Amino acid sequence: MAGNRCRKRATPAGAPVMVEVTFMEPFEYIKPSSPAEASAILAAEGSAARILQGGTDLIIRMRGDFIHPKIVVDLKGLPGMRDVAFNPDDGLILGAAVTMNEVATHPAILAHYRMLADACETVGSYQLRNRATIGGNVCNASPAGDSIPALLCYDATAVIYNPAGERRLPLFDFFRGPGKTDLKPGEFLQALELPASPAGAVGIYNKLGRTKVGDIAVIGVGVLGWPQRSNPSGSAWRIALASVGPTPLLAPTAEALLAQETDDLAVDAAAAAVMNACRPIDDVRASGAYRQAMVRVLARRAIEAVLAHLPF
Ligand SMILES: Cc1cc2nc3c(=O)[nH]c(=O)nc-3n(C[C@H](O)[C@H](O)[C@H](O)COP(=O)(O)OP(=O)(O)OC[C@H]3O[C@@H](n4cnc5c(N)ncnc54)[C@H](O)[C@@H]3O)c2cc1C
């Protein structure tokens, strides 16, 4: 299979822009029918094979000349990969190939994991979200992946297919660096499992992009709060961040502060603690200093919004 690729050539000022049309490197497309078959291909081919789901990250990188897989392995047809299962006691199982639009509009996700639905709805455009999948967002392992803070707040587990048997990993440990995951040769993400969300939980995802919609996050802040009588503040908290470090981050100091107290001073201190948890870099989207300053603002707004809606 091959597709055309255009590349702009540098031209002197005022001269017509030259566009060179080349072709994506040919590759073999395989759609395995069982997890074992998929795993065997991935194990045998190593880095020559790449997994495809929606392709909204993979194909961009192939067309951009960054990667040249010989084999593209489409996992969307494997059993369970497109399934969403919810049970109020056990929680939610999301097949890795469930699309962003399916997550954003699923009634059980809207009712019980609202922050995840909201976060997925911020990804790109409506058309993109019809192809882009939750598993692709996670496995792409971009620190800016919008679904990830919400998945971390809801304590997601990665369910990984391994030829020797299923492997489960807390999602936080899945990320090993920008674009790097804990997946071993022959492994792939099958599903994400979220436990039942805490009773009365309220979640907010605050995203800052260069444009109001359709842009990758300059910063993403997910805040989940829920009533917890055993804590001095009467509440418990989980805070997770995108685009402010080499991997998605948590903010445990801020969570602990809010478990103690939620008055104005405590909220200020928690927002500062979120800022201090960050390790942002300068890149094309923003400077590290801007990210550091803005994450404090977004964290404060998200905490206040959660507090305003907590049922106590
Ligand atoms: C115009 C545009 C706008 C975008 N805006 C956003 C945005 O606002 N927010 C955001 O977070 N992202 C955004 N993205 C990035 C992208 O759309 C998302 O990351 C999307 O969720 C990727 O899912 P996919 O199914 O298309 O992944 P694919 O491109 O199919 O795969 C992504 C990566 O994960 C690997 N992979 C896929 N599935 C598995 C699996 N089951 N097991 C192991 N590895 C796997 C692939 O090999 C590849 O390396 C945007 C992309 C574009 C092109």
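Residues numbered from 1 in each chain as written. Predicted model: local features only at pLDDT ≥ 70, side-chain atom pairs only at ≥ 80, totals over all residues. Heavy atoms only, no water.

### As for the side chain of Thr-99
Applicable threshold: Secondary structure elements follow DSSP: runs of H or I no shorter than four residues count as helices, runs of E no shorter than two count as strands, and numbering proceeds from the N terminus. Any two residues whose heavy atoms approach within 4.5 Å are treated as being in contact.
By the secondary structure assignment, Thr-99 is in the loop between strand S7 (91-95) and helix H3 (100-105). Those residues in contact with Thr-99 that sit more than four places away from it in its chain are Arg-82, Arg-129, Asn-130, Arg-131, Ala-132 and Thr-133.

### What to know about the packing of helix H10 (residues 252-260) against helix H11 (residues 264-276)
Applied cut-off: Whenever a helix is involved, its axis is fitted only over the stretch in contact; in every case the axis is a line through C-alpha atoms, and angles between N-to-C directions fall within 0 to 180 degrees. Oblique is the label for every angle not falling under 35 degrees (roughly parallel), over 145 degrees (roughly antiparallel), or within 65 to 115 degrees (roughly perpendicular). Gly falls in the polar group here, along with every residue not listed as nonpolar (Ala, Val, Leu, Ile, Met, Phe, Trp, Tyr, Cys, Pro) or charged (Asp, Glu, Lys, Arg).
Remark: H10 packs on H11, axes separated minimally by 7 Å, with the N-to-C direction vectors making an angle of 170 degrees. If you check the angle between H10 and H11, you find them roughly antiparallel. On H11, the residues touching Thr-253, Ala-254, Leu-257 and Leu-258 of H10 are Ala-266, Val-267, Ala-269, Ala-270, Ala-273 and Val-274. When its residues are assigned to classes, the contact of H10 with H11 shows nine nonpolar, one polar and no charged.

### Describing the domain arrangement of the chain
Our working definition: For the domain bounds, the source is a domain assignment made automatically or taken from a database. Reported buried area values correspond to the accessible surface (1.4 Å probe) lost by two parts on association, with both partners' losses combined.
With domains assigned, the chain is organised as domain 1 (4-74), domain 2 (84-194) and domain 3 (205-307). Contacts between the two partners involve eleven residues from domain 1 and, on the opposite side, 15 residues from domain 2. Of the roughly 990 Å² buried between domain 1 and domain 2, counting both surfaces, carbon and sulfur atoms make up 57%. Taken as a group, Ser-39, Gln-53 and Thr-56 account for 44% of the area that domain 1 buries against domain 2, more than any other trio of residues on that side.

### Points about the packing of H11 against helix H12 (residues 288-309)
We apply this condition: Less than a right angle of anticlockwise turn of the near helix away from the far helix marks a crossing as left-handed, whereas a clockwise turn marks it as right-handed.
The interhelical angle for the contact between H11 and H12, taken along N-to-C directions, is 140 degrees, at an axis separation of 8 Å. With respect to H12, the element H11 is oriented oblique. Crossing angle aside, the handedness with which H11 passes H12 is right-handed. Of the residues in H12, those touching H11 at Asp-264, Val-267, Asp-268, Ala-270, Ala-271, Ala-272, Val-274 and Met-275 are Gln-292, Val-295, Arg-296, Ala-299, Arg-300, Ile-303, Glu-304 and Leu-307. Residues belonging to the contact of H11 with H12 are distributed by class as follows: ten nonpolar, one polar and five charged.

### Observations regarding the packing of aromatic side chains
Quick reminder of the rule: What counts as a ring pair is set by centres within 6.5 Å for rings of Phe, Tyr and Trp (its six-membered ring), and what kind of pair is set by the plane angle: stacked under 30 degrees, edge-to-face over 60, tilted for all other angles. With a 1.4 Å probe rolled over the protein chains alone, any residue whose accessible area is under 20% of its type maximum counts as buried; one over 50% counts as exposed, and the rest are partly exposed.
Under the definition given, this model contains four aromatic pairs. For the ring pair Tyr-113 and Tyr-154, a centre distance of 5.2 Å and an interplane angle of 80 degrees mean the geometry is edge-to-face. Here Tyr-154 lies in the loop between helix H8 (147-153) and strand S8 (157-161) and Tyr-113 lies in the loop between helix H4 (107-112) and helix H5 (114-121), a separation of 41 residues in the sequence. The exposure classification of Tyr-113 matches that of Tyr-154, with both residues buried. Note on Phe-174 and Phe-175: the rings are 5.6 Å apart at their centroids and 90 degrees apart in plane angle, and the pair reads as edge-to-face. Its relative accessible area of 0% is what places Phe-174 among the buried residues. Each member of the aromatic cluster is reached from another via a ring pair, and the members are Phe-86, Tyr-113 and Tyr-154.

### Looking at the pattern of salt bridges
Where we set the bar: Between Lys or Arg on one side and Asp or Glu on the other, a salt bridge is scored when a side-chain nitrogen of the former is within 4 Å of a carboxyl oxygen of the latter.
A full pass over the atoms with the stated rule returns 16 salt bridges. In this structure, the salt-bridge partner of Lys-207 is Asp-146, at a minimum N-O distance of 2.6 Å. One end of the pair, Lys-207, is in strand S13 (residues 202-208); the other, Asp-146, is in the loop between helix H7 (134-139) and H8, and 61 residues separate them in sequence. Look at Lys-207 and you get partly exposed, because its relative accessible area is 24%. As a salt-bridge pair, Asp-182 and Arg-167 come within 3.0 Å of each other at their nearest N and O atoms.

### What about the sheet that holds strand S3 (residues 28-30)?
Stated formally: Two strands make a pair as long as DSSP finds a minimum of two bridges between them.
Taken together, three strands build an open sheet; the order of strands is S3-S5-S4 and the sheet is parallel. Looking at which strands have only one partner, the edges of the open sheet turn out to be S3 and strand S4 (49-52). On average, each strand axis in the sheet is inclined to that of its neighbour by 25 degrees, with strand direction left out of account. In terms of strand pairing, S3 meets strand S5 (residues 71-74) through three bridges, oriented parallel. Each bridged residue has a counterpart across the sheet, and for Ile-30 the counterpart in S5 is Val-73.

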